Amino acid sequence: QVQLVESGGGLVQAGGSLRLSCAASGSIFSINAMAWYRQAPGKQRELVAAITSGGRTNYADSVKGRFTISRDNAKNTVYLQMNSLKPEDTAVYYCEADINGPYDYWGQGTQVTVSS
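Residues numbered from 1 in each chain as written. Predicted model: local features only at pLDDT ≥ 70, side-chain atom pairs only at ≥ 80, totals over all residues. Heavy atoms only, no water.

(A) Examining the pairing of strand S8 (residues 77-82) more closely. The buried count for S8 comes to five of six residues, which makes it a mostly enclosed element. As defined by bridge partners, strand S3 (residues 18-25) adjoins S8 across six bridges and the pair is classed as antiparallel. Looking across to S8, one finds that Ala23 is bridged to Thr77. Pairing between strand S7 (residues 67-72) and S8: six bridges, direction antiparallel. Of the residues in S8, the one forming a bridge with Arg71 is Val78. Connecting S7 to the next strand, S8, in antiparallel fashion are four residues, including Asn76 with a positive phi near 50°. (Buried < 20%, exposed > 50% of the residue type's maximum accessible area, 1.4 Å probe, protein only. Helix = DSSP H or I, 4+ residues; strand = E, 2+ residues; numbered from the N terminus. Pairing = 2+ DSSP bridges.)

(B) Fine view of the nonpolar core. Counting residues in hydrophobic clusters, the biggest one holds 30 residues, and the most contacted among them are Trp36, Leu80, Met82 and Tyr93. Among the secondary structure elements, those contributing two or more residues to this core are S3, strand S4 (31-39), strand S5 (46-51), S7, S8, strand S9 (91-99) and strand S11 (110-115). Among the elements that make up this core, the one with the highest residue count is S9 (five residues). Excluding its chain neighbours within four sequence positions, the residues that come into contact with Met82 are Gly16, Ser17, Leu18, Leu20, Arg66, Phe67, Tyr93 and Val112. (Core = buried A, V, L, I, M, F, W, Y, C linked by side-chain atoms within 4.5 Å. Contact = heavy atoms within 4.5 Å.)

(C) Representation of the packing of aromatic side chains within the structure. The full count for this structure, using the stated rule, is one aromatic pair. Relative to Trp106, the ring of Tyr37 has its centre 4.9 Å away and its plane inclined at 55°; by these criteria the two rings are tilted. On the criterion of sequence distance, the pair formed by Tyr37 in strand S4 and Trp106 in strand S10 (residues 103-106) is long-range, its members being 69 residues apart. Over the ring of Tyr94 we find Arg45; its NZ or CZ atom is 3.8 Å from the centre of that ring. Across from the ring centre of Trp106, 4.8 Å away, lies the NZ or CZ of Arg45, which sits over that ring. (Phe/Tyr/Trp six-rings, centres within 6.5 Å; stacked < 30°, edge-to-face > 60°. Lys NZ or Arg CZ within 6 Å of the ring centre and 35° of its normal.)

This is how it looks when you write it as structure tokens:
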């Protein structure tokens, strides 16, 4: 059984920083792309950032220059460093990973709240 467990969410003032982590565990043979999504109340889930197994990244326009996605392949972990946070970044953040081929796994989500 494969699991993704997120950590690092919380409450922060506008302009502050948070670092999210997501660790994959279980029977893992390979991890391809890993990504972070977010869902704000009343809105659809959206892609925030993604990273391939080779380290290529892409970002939503709304977070470019403020957020950085990275991964530690030895630890099966993906990170999201979030700087210069804004109230509109408030959402539940989910990690997603393509594990053992075409299988798509999701974490349980972690709440990020940015106060103005």
